[in-house]
Amino acid sequence: MDMQDIPDTDPQETQEWLEALDGVLKHEGAQRAHFLLEQLVDKARRSGAYIPFSANTAYLNTIPPESEEHMPGDGALEHRIRSYVRWNAMAMVLRANKDTNVGGHIASFASAATLYDVGFNHFWRAQSEKFGGDLVFVQGHSAPGVYARAFILGRLTAEQMDNFRQEVDGKGLSSYPHPWLMPDFWQFPTVSMGLGPLMAIYQARFMRYMKDRDILPAQGRKVWAFMGDGEMDEPESLGAISLAGREKLDNLIFVINCNLQRLDGPVRGNGKIIQELESDFRGAGWNVIKVIWGGYWDELFMRDTKGILLKRMAECVDGEYQTFKSKDGAYVRKHFFGKYPELLEMVATMSDDDIWRLNRGGHDPYKVYAAYAAAMKHTGQPTVILAKTIKGYGMGEAGESQNITHQQKKMGTSSIKSFRDRFGIPVPDDKLEEVPYLTFPEGSPELNYMREKRQTLGGYLPARRRKAAALEVPALSAFETLLKASGAGRELSTTMAFVRILTTLVRDKKIGQYVVPIVPDESRTFGMEGMFRQLGIYSHVGQLYTPQDADQLMFYKEDQKGQVLQEGINEPGAMSSWIAAATAYSTHGISMIPFYIFYSMFGFQRIGDLAWAAGDMRARGFLLGGTAGRTTLNGEGLQHEDGHSHLLAATIPNCVAYDPTYAYELAVIIQDGLRRMYQEQEDIYYYITVMNENYEHPAMPEGVEKGILKGMYLLREGKAKKNAPKVQLLGSGTILREVIAGADMLEKDFGVAADIWSVTSFNELRRDGLDVQRWNMLHPEATPRLSHIEICLKDREGPVIASTDYMKMFADQVRGMLPTHHFHALGADGFGRSDTREKLRGFFEVDRNYVAVAALKALADMELVPRKKVTEAIKKYGIDPEKPNPTTV
Ligand SMILES: Cc1ncc(C[n+]2csc(CCOP(=O)(O)OP(=O)(O)O)c2C)c(N)n1
Ligand SMILES: [Mg+2]
C-alpha cells in the first residue's frame, strides 16, 4: 500500500508524534531528527513489522522556501533578456521553416529556457588561462535557445540564425550540438538520446581521474548535463547512475527537464516521472533536488495546514498535470482544486488568471537558482535536479502542453501574438509574421548585464578548444625490438606485440603519464595483468583491502594514482571513459592518449552509436579490437567471432582502421597514429584489430613504412619459371599467413608465380581510391591520378585474389579500384561457430586451399590455365565441392 493510501486512524496521536518531531527539529536539528527516525524504522523492522522501503519524498520542492539561497542580480532584467532569447529561439525555427521545411524544435527550449538562463547568468564558468571551465552538456533539441542567446551577445550573426539547419553553403548553424560541424562552439553531441547522460558521468569521473593523478589541478570544476524526462527512462541514460553514486562524483550535476512529455505524448501519463526518477537516483546514492513548484504556490502551502493541497498534488498523475496546463485557470480551478471543498475555498479569492499564474518550479528563476546553488555546494554525492516545467511554454494554442508540441515548427499569427504579449516583446502587429530577431542595443542595461555576467564567469559559452599543446611522440626506433625478426621458434601474437608497445609508451619520459590504458574486465585475456601492479588500477579511494594475491608479483593493485582504467564488463562505460580521455585535449587542454582494448565483437556493434559520437567529438585515441577475426579466436563461437567490425569502423568518416599481421606493421601504425593525432593534432581516431594467434614475426623489410600506412605493400615477389602464370595475392591479419601458404602451394603444385601483398587496411585503400576517382571524374581532361592500390598493381600481371578473416565485403571494397584486373574476394561470411582455427578456416573457405583454388579458377577464367587444373586442385586439397555455403548453415 502506498503511503498516501494508508488511512489516519488516530489523527490526535499523529499530531502528537509530529509535534515531538517538530521539537527535535527546532532544538536539536535535522541530523538528530534523522537519527531518531532511522532508529524508529529500524526498531519497527527488527520487531517484525513490514515497512516497505520508499526512496521517495513528498511531491514538493526539496528545498523549503526559508532555506533557498537568494538569487543575486536583477531579476526583472533577466526576465527581459530571457524573453528575448525565447523569442529569437522561436523566430529562428519559424523563419528557417518558412520556405525550406528544414525542421527544428520550439517546445523543448520553451520549457527549458529558465534552466539554461540561470546557468548562463550565474553558474557556468568558461575555460580561461587560470581555470579549466565547467563542462555543459546541452540537451540536443534546446540548441535554438543556445543560438538565440549567442546571437544577442553578438557571437552569431542574423545570417547564421537564418541559416539554421542549412549548413551546406557555409555560415549555417547545425541542427543540434555537433563539434564536427561547429568545432569552436559545441563540445558535446547529445541529440542521440541517452548518450549525453552516460558520457557526462564518465566525463566527471575522468576529470577526477586526471585530478587524482595530478595532471589537472583541483579547481572545483563541474560537469553539468541537461536532459529530457523522456530521455531518462532508458537503460543508457540510467544505467551508469550507480557508478556516479558509488564513486561519489560531486563534480557532476544533472538537470532533468521534467516537462512531462516526450515526442508522442506524456512520459508517464499514469504516474509521476519526477517521483520515479527521484527514487531511481536516491537509490543510486545521488543527492536529489526536486524543483516542482514555483514561488506563487508558497503562500498556498503555508495555508495548507491539513495537507490537503499536498494530498491533491500527490494523487494527480502527470497526464492530468499536462492536461491542466493545456487549458486555463478556470479548468484548473474546477478540476484540480475542485476535487476538495477545502481547496476550492483556499483559492476562492484568486481570479482564474491568478490560478493560471501558479507556476512550476522550472519556470521560477529563484527556485532554479536556489537548486543550482545547493547543487554547487553539495559534497560527497552527485546531484540531480528534477525541474518540473511545461512543454511548449508560451506557445499557447500552437502547442503549450499539447501532445503534438514536440515537432511543432510552425505557429499561426495569433499564437505568435500571444507569445509576444505574454513575454512583453516589442514587435508591432504588422511585423509579427516576419518574426524579426531582437537584439539589445549597444550600451543598453540588458546587453551590459549579459556581458558582465559572462565576464565574471570567465567568458562566453558554449565554446570549444580545438587544440592543445602538441606532444613529443617517440620515433619508430623506440619500438626497435618489434621491427626485428622475433626469431626462430619465438612466437607471439599481435596482442602481445601491442602490450609491448603500450609498455614502451607508458615508460616514455615525455608522454608516458598521458597514456590511459582502458580495459573492460579483460586484462588477463589480453595478457595485460602485468600493468595492474606496474601502473595501478585507478580507484579514487585507493585500496581499502589486502588483495588476495598480495604476495604475488603482479597483484591486483588499486591506487588513487592508478593509471589503468579497469572498467565493467560491457562496453558502453569503457567507451565513455575512452571518449572522455580522447577529447581531453579539448575539454581540459591536455592531450591524453587512451588505448582501449576489447573483444572486437563487443566493440562497434555494441557501442556503435558512441563510436559515431566520438567521431563527431573529434576524439583522438586508439581502439584495439582484440581477439579479432571470424576464425582466429578458436573455440569461442557465434557471439565472439567478429567478421565485420572493420566494416562498421568504415562507416565512421574519421576512424582510421588497420588489420595488421606483423609486429612491425603494428609498431609503424601506432607510431604514425601518435604523430598524426598528438603531434599534428589531426581529428582522427584509430581502430586496430589485434589477434591472439601466436606465430613468428619477420623483420621489417626495407622501405615498407609508407605502404603499411597507405594500406598495402609488396611482401614477397613470386619466383616461378619464365612464362609461368602469375597471380596477385592479397591478405590481411592472420589470414595473410594462409595467403603465404597458398602462394607456396600454387608455386610448388601448379607452377604459378604469386606475388604476395600485405594489406594493412582495405578501408584506407578504398578511401584513397574513392578520393582519386572523384578527382578524376571532376577533372576529365587532366592526367588521371592513380590510387595507392593502382600504383601497387598497375605493372603486375594476373588476377587479384584477396583473402581476409572478415566478410567478403571487406576486401571487396577495393574491387572498383582495379578496373583492369580480374578480382576475387574470399571472406568469412555467415555466423561464427566454435572449432579450431584450421577447421574454421576451411569451413569459411578462407584458408590456403581456397586461396589456391580461387587463384587457379581466376586464371582459368582468363584462359591462362586449363579448367581441369582447378578440378585437380579441388581434389588435391580435399575440398568437397558440394559442401554447403557457410552462410546458410
Ligand atoms: C536515440 C534517439 N532516439 C530517438 C530520437 C528522436 N527524439 C528526439 S526528441 C525525442 C523526445 C524527447 O523527449 P524528452 O527527452 O522528454 O525531451 P523534451 O523535448 O521533452 O525536453 C525523441 C523520441 C533521438 N533524438 N534519439
Ligand atoms: Mg520531456
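Everything discussed here concerns the structure shown above.
The shown structure was predicted, so the numbers you read here are calculated from the model rather than taken from an experiment. (Residues numbered from 1 in each chain as written. Chains lettered and ligands numbered in written order. Predicted model: local features only at pLDDT ≥ 70, side-chain atom pairs only at ≥ 80, totals over all residues. Heavy atoms only, no water.)

A. Expanded view of the overall build of the protein. Of the regular secondary structure elements, the protein holds 35 helices and 18 strands. Its C-alpha atoms give the protein a radius of gyration of 32 Å, within 12% of the compact-globule value 29 Å for 889 residues. In terms of overall dimensions, the protein has C-alpha extents of about 110 × 75 × 55 Å along its principal axes. By the burial criterion, 57% of the 889 residues in the protein qualify as buried. Pairs at least 24 apart in sequence give 78% of the contacts found in the protein among residues at least 6 apart. If the 102 positive side-chain charges of the protein are averaged to one point and the 114 negative ones to another, these points end up 3 Å apart. (Helix = DSSP H or I, 4+ residues; strand = E, 2+ residues; numbered from the N terminus. Rg over C-alpha atoms; globule rule 2.2 N^0.38 Å. Buried < 20%, exposed > 50% of the residue type's maximum accessible area, 1.4 Å probe, protein only. Contact = heavy atoms within 4.5 Å. Lys, Arg positive; Asp, Glu negative; His and termini not counted. Charge placed at Lys NZ, Arg CZ, Asp CG, Glu CD.)

B. Region of the structure containing the coordination of the magnesium ion (ligand 2). Taken together, the protein ligands of the magnesium ion (ligand 2) are Asp229 (OD), Asn259 (OD1) and Gln261 (O), with distances of 2.0 to 2.1 Å. Taken in sequence order, the residues that donate to the magnesium ion (ligand 2) follow the motif D-x29-N-x1-Q. Of this pair, aspartate 229 sits in the loop between strand E2 (223-228) and helix H8 (235-238) while glutamine 261 sits in the loop between strand E3 (252-258) and helix H10 (273-283), placing them 32 residues apart in sequence. Take aspartate 229: its relative accessible area is 1%, and that puts it in the buried class. (Donors = N, O, S within 2.8 Å, 3.2 Å for Na, K, Ca; no water.)

C. Focus on the side chain of threonine 587. Looking at where threonine 587 falls in the secondary structure, it is placed in helix H24 (residues 584-587). Residue contacts for threonine 587: discarding those within four places in its chain leaves Gln127, Gly132, Leu135, Gln187, Phe188, Gln203 and Arg221.

D. Expanded view of the site of ligand 1. Close to ligand 1 lie 17 residues, the nearest being Ser108, Asp229, Gly230, Glu231 and Lys391. Between ligand 1 and aspartate 229 there is a distance of 2.8 Å, counted from an oxygen atom to a side-chain nitrogen or oxygen. A total of 590 Å² of accessible area belongs to ligand 1 in isolation, and the protein chains cover 72% of it. Across the shell around ligand 1, the residue classes break down as 3 nonpolar, 10 polar and 4 charged. (Near = heavy atom within 4 Å. Polar contact = N/O pair within 3.5 Å; in protein donor to acceptor, adjacent residues only side chain to side chain. Areas by Shrake-Rupley, 256 points an atom, 1.4 Å probe, with all protein chains shown as cover. Nonpolar A, V, L, I, M, F, W, Y, C, P; charged D, E, K, R; others polar.)

E. A look at the packing of aromatic side chains. As enumerated under the stated definition, the model contains 54 aromatic pairs in all. Measuring from ring centre to ring centre gives 5.5 Å for phenylalanine 123 and tyrosine 372, while their planes differ by 75 degrees; the resulting arrangement is edge-to-face. A residue pair is termed long-range when its members are at least 10 positions apart, and phenylalanine 123 in helix H4 (residues 107-123) and tyrosine 372 in helix H17 (residues 365-377) qualify at 249 residues. Like phenylalanine 123, the residue tyrosine 372 is buried in the burial classification. Pairwise contacts between aromatic rings join Tyr59, Trp293, Trp297, Phe301, Tyr321, Phe324, Tyr331, Phe336 and Phe337 into one cluster. Across the ring face of tryptophan 775, the terminal group of arginine 785 is positioned such that the distance to the ring centre comes to 3.6 Å. (Phe/Tyr/Trp six-rings, centres within 6.5 Å; stacked < 30°, edge-to-face > 60°. Lys NZ or Arg CZ within 6 Å of the ring centre and 35° of its normal.)

F. Region of interest: the pairing of strand E10 (residues 593-599). Across the 7 residues that make up E10, a large majority, 7, are buried. With 4 bridges connecting them, strand E6 (residues 515-520) and E10 associate as parallel partners. Looking at the pairing, valine 516 lines up with proline 594 of E10. Remark: the E10/helix H25 (residues 604-616)/strand E11 (residues 622-626) crossover connection has right-handed handedness. (Pairing = 2+ DSSP bridges. Right-handed = clockwise from strand over helix to strand, strands pointing away.)

G. Focus on helix H19 (residues 445-456). Between its first and last C-alpha, H19 extends 16 Å over 12 residues, near the 16 Å set by a 1.5 Å rise per residue. Within the span of H19, buried status applies to Glu446, Leu447, Tyr449, Met450, Lys453 and Arg454. Buried residues of H19 fall within an arc of 165 degrees about the axis and therefore sit on the same side. Residues Glu452, Gln455 and Thr456 are exposed on H19 and point more than 90 degrees away from its buried face. Contacts from the buried residues of H19 go to helix H3 (75-96), H4 and helix H5 (143-152). Remark: glycine 458 follows H19 within two positions and exhibits a positive phi of approximately 100 degrees. (Expected span 1.5 Å × (residues − 1). Arc of directions from axis to C-beta.)

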